[in-house]
Amino acid sequence: MSKVIDGKAVAAAVLEECRTEVESLKADGITPGLAVVLVGEDPASQVYVGSKVRTCGDLGIYSRKIELPTETTQEELLKVVADLNADPAIHGILVQSPPPKHIDEEAVVRALDPRKDVDGFHPENVAKLALEDPTGFVPCTPAGCMRLLKEAGVETSGANAVVIGRSMIVGKPMALLLMARGVDATVTVAHSRSKDLAGICREADILVAAVGRPEMVKADWVKEGAVVIDVGINRVDDASKKRGYRLTGDVAYEECAEKASAITPVPGGVGPMTIAMLMKNTLQSARQLG
Ligand SMILES: NC(=O)C1=CN([C@@H]2O[C@H](COP(=O)(O)OP(=O)(O)OC[C@H]3O[C@@H](n4cnc5c(N)ncnc54)[C@H](OP(=O)(O)O)[C@@H]3O)[C@@H](O)[C@H]2O)C=CC1
Ligand SMILES: Nc1nc(=O)c2c([nH]1)NC[C@@H]1CN(c3ccc(C(=O)N[C@@H](CCC(=O)O)C(=O)O)cc3)C=[N+]21
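This one's a predicted model, so the numbers in the text were calculated from it and none came from an experiment.

Attention shifts here to the site of ligand 2. Taken together, 17 residues sit near ligand 2, with Val95, Gln96, Ser97, Asp119 and Gly268 positioned nearest. Here a nitrogen atom of ligand 2 and a side-chain polar atom of glutamine 96 are 3.0 Å apart. In this structure, aspartate 119 approaches ligand 2 through a side-chain N or O atom, which is 2.7 Å from a nitrogen atom. The element contributing the most residues to the shell around ligand 2 is helix H10 (residues 270–289), with four residues. Looking at side-chain class alone, the shell around ligand 2 contains nine nonpolar, five polar and three charged residues. Viewed by domain, the shell around ligand 2 spans two of them, domain 1 (29–123) and domain 2 (140–271), each represented by three or more residues.

Listed below in structure tokens is the structure:
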């Protein structure tokens, strides 16, 4: 029997911590500010950007939504970033991923002031994560996964952790966080070239799926009593739904829940944590920049 790890509830608790910190910053004369830049019209991105801006409003964080047309040039986008870098009202800058194909995302990330890079994607923050330097920003999704493990009381020290996926946004930083001193898991990172993925996963005490393939992880990949964190957010066609699709994770939830000791649902698992950790990072930036 497994315990559902309620990401919505943990995210709400993180947001309450944020509310207190916003008040404390304001008492010190600092109003934290987040800029969210969206290039193009990807409908999923519009949903996420909307909920980030809404959450800022709820907490009293100043937010600026910058929506740019698909045909925006690299040069124009870099100018927007440079202006935000120089703007003292803005402590955090997020450029929603993925941008249109003609944009060089890596160049845009490098153009961010690393002190305002609340996604934690700039090379300076990647290095700080590897160095375990707490002045850097930890990418929001893996930071949210770590918080979920903590709240669920999961023992990480000496645990076998398997991360499926090696992206710079989720898989790789997740692996670094799990192997960090004080967390002390033994980490295996699997990806599309891994042999015997099912066998690798069966060794996991903690299994993190960040792939982007609906319900890829099956019950017979999960060790009895393992903790399963499902990062995947996949839209699958579903004519019975008003929107015409439903959200599903990378894990076949029902069957895996039978074997896991704890598991995150989709929606309501890692997704809400990503937004909550973004707020936390924005407040960290406001505190550091003053
Ligand atoms: N909940 C949240 O807040 C967030 C959710 N997501 C979701 O998480 C998922 C992963 O996102 P992201 O990391 O950005 O995705 P990427 O596409 O950047 O990375 C996917 C990773 O999965 C690996 N992979 C692909 N197919 C297989 C396979 N058949 N077997 C094993 N590994 C495979 C890839 O391997 P290789 O490197 O070899 O190509 C790659 O490392 C998506 O569903 C995304 O929507 C993402 C960000 C935030
Ligand atoms: N620069 C950048 N930073 C990001 O952090 C970033 C990004 N680009 N690009 C896309 C991914 C994805 N992502 C999610 C955020 C919230 C939910 C979320 O709130 N999900 C809800 C459901 C939302 C819905 O109904 O669609 C849930 O899982 O319960 C999901 C996914 C952030 N990302």
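Further notes follow.
Strand pairs in the sheet, formed through backbone hydrogen bonds, run parallel or antiparallel to each other. Pairing is parallel across the open sheet formed by six strands, whose spatial order is S1-S11-S8-S7-S5-S6. The open sheet terminates on both sides in strands that have one partner only, identified here as strand S1 (3–4) and strand S6 (186–190). In the sheet, strand S8 (residues 227–230) pairs with strand S11 (residues 262–263) via two bridges, with the strands oriented parallel. Within S11, the position partnered with valine 227 by the bridge is alanine 262. Sheet strands in contact with helix H7 (residues 171–179) are strand S5 (160–164), S6 and strand S7 (206–209), and its direction is about 170° off that of S5.

Another point: the sheet that holds strand S3 (residues 62–68). Read across the open sheet, the three strands follow the order S3-S2-S4; overall the sheet is parallel. The open sheet has two edge strands with one neighbour each: S3 and strand S4 (92–95). The sheet shows a mean angle of 15° between the axes of neighbouring strands, direction not considered. In this structure, strand S2 (residues 33–39) lies alongside S4, joined through four bridges in parallel fashion. From the neighbouring strand, valine 37 faces S4, where its bridge partner is valine 95. Contacting S2 and S4, H10 runs over the sheet at an angle of about 125° to S2.

Ranked by size, the top nonpolar core spans 54 residues in total, and within it Leu149, Leu178, Val208, Ile229, Val231 and Met279 carry the most contacts. With nine residues, the top contributor of residues to this core is H10. Mapped onto the domain boundaries, this core takes at least three residues apiece from domain 1 (29–123) and domain 2 (140–271). Filtering out sequence-adjacent residues up to four positions away, valine 231 remains in contact with Thr141, Cys145, Val170, Val208, Ala209, Ala210 and Val270. In terms of nonpolar packing, the next biggest core, distinct from the first, is built from 20 residues, Val162, Leu197, Val217 and Val251 among them.

Once that is clear, we can look at unusual backbone geometry. A cis amide bond, omega -5°, links serine 97 with the succeeding residue proline 98. Inspection of the secondary structure puts proline 98 in the loop between S4 and helix H4 (105–111). Each neighbour pair has its own omega, and for valine 266 with proline 267 the value is -5°, a cis peptide bond. For proline 267, the location among the structural elements is in the loop between S11 and H10. At aspartate 184, a residue that is not glycine, the phi angle is positive and equals roughly 65°.

This part takes up a positive patch on the surface. A surface patch of like charges, here positive, comprises Arg235, Lys241, Lys242 and Arg243. Following the sequence through the fold, lysine 242 ends up in the loop between strand S9 (234–237) and strand S10 (245–248).

Here seven bridges tie S2 to S3, and the two strands are oriented parallel to one another. Note that in S3 the partner of alanine 35 across the bridge is arginine 64. Once you follow S2 into helix H2 (residues 43–59) and on to S3, the crossover reads as right-handed.

Criteria and cut-off values
- Residues numbered from 1 in each chain as written.
- Chains lettered and ligands numbered in written order.
- Predicted model: local features only at pLDDT ≥ 70, side-chain atom pairs only at ≥ 80, totals over all residues.
- Heavy atoms only, no water.
- Near = heavy atom within 4 Å.
- Polar contact = N/O pair within 3.5 Å; in protein donor to acceptor, adjacent residues only side chain to side chain.
- Helix = DSSP H or I, 4+ residues; strand = E, 2+ residues; numbered from the N terminus.
- Nonpolar A, V, L, I, M, F, W, Y, C, P; charged D, E, K, R; others polar.
- Domains from an automatic or database assignment.
- Pairing = 2+ DSSP bridges.
- Contact = heavy atoms within 4.5 Å.
- Axes fitted to C-alpha atoms, helices over the stretch in contact; angles between N-to-C directions.
- Core = buried A, V, L, I, M, F, W, Y, C linked by side-chain atoms within 4.5 Å.
- Buried < 20%, exposed > 50% of the residue type's maximum accessible area, 1.4 Å probe, protein only.
- Patch = residues over 30% accessible without salt bridge, like charges linked within 9 Å, V, L, I, M, F, W, Y side chains within 5 Å.
- Areas by Shrake-Rupley, 256 points an atom, 1.4 Å probe, with all protein chains shown as cover.
- Salt bridge = Lys/Arg side-chain N within 4 Å of Asp/Glu carboxyl O.
- Lys, Arg positive; Asp, Glu negative; His and termini not counted.
- Charge placed at Lys NZ, Arg CZ, Asp CG, Glu CD.
- Right-handed = clockwise from strand over helix to strand, strands pointing away.

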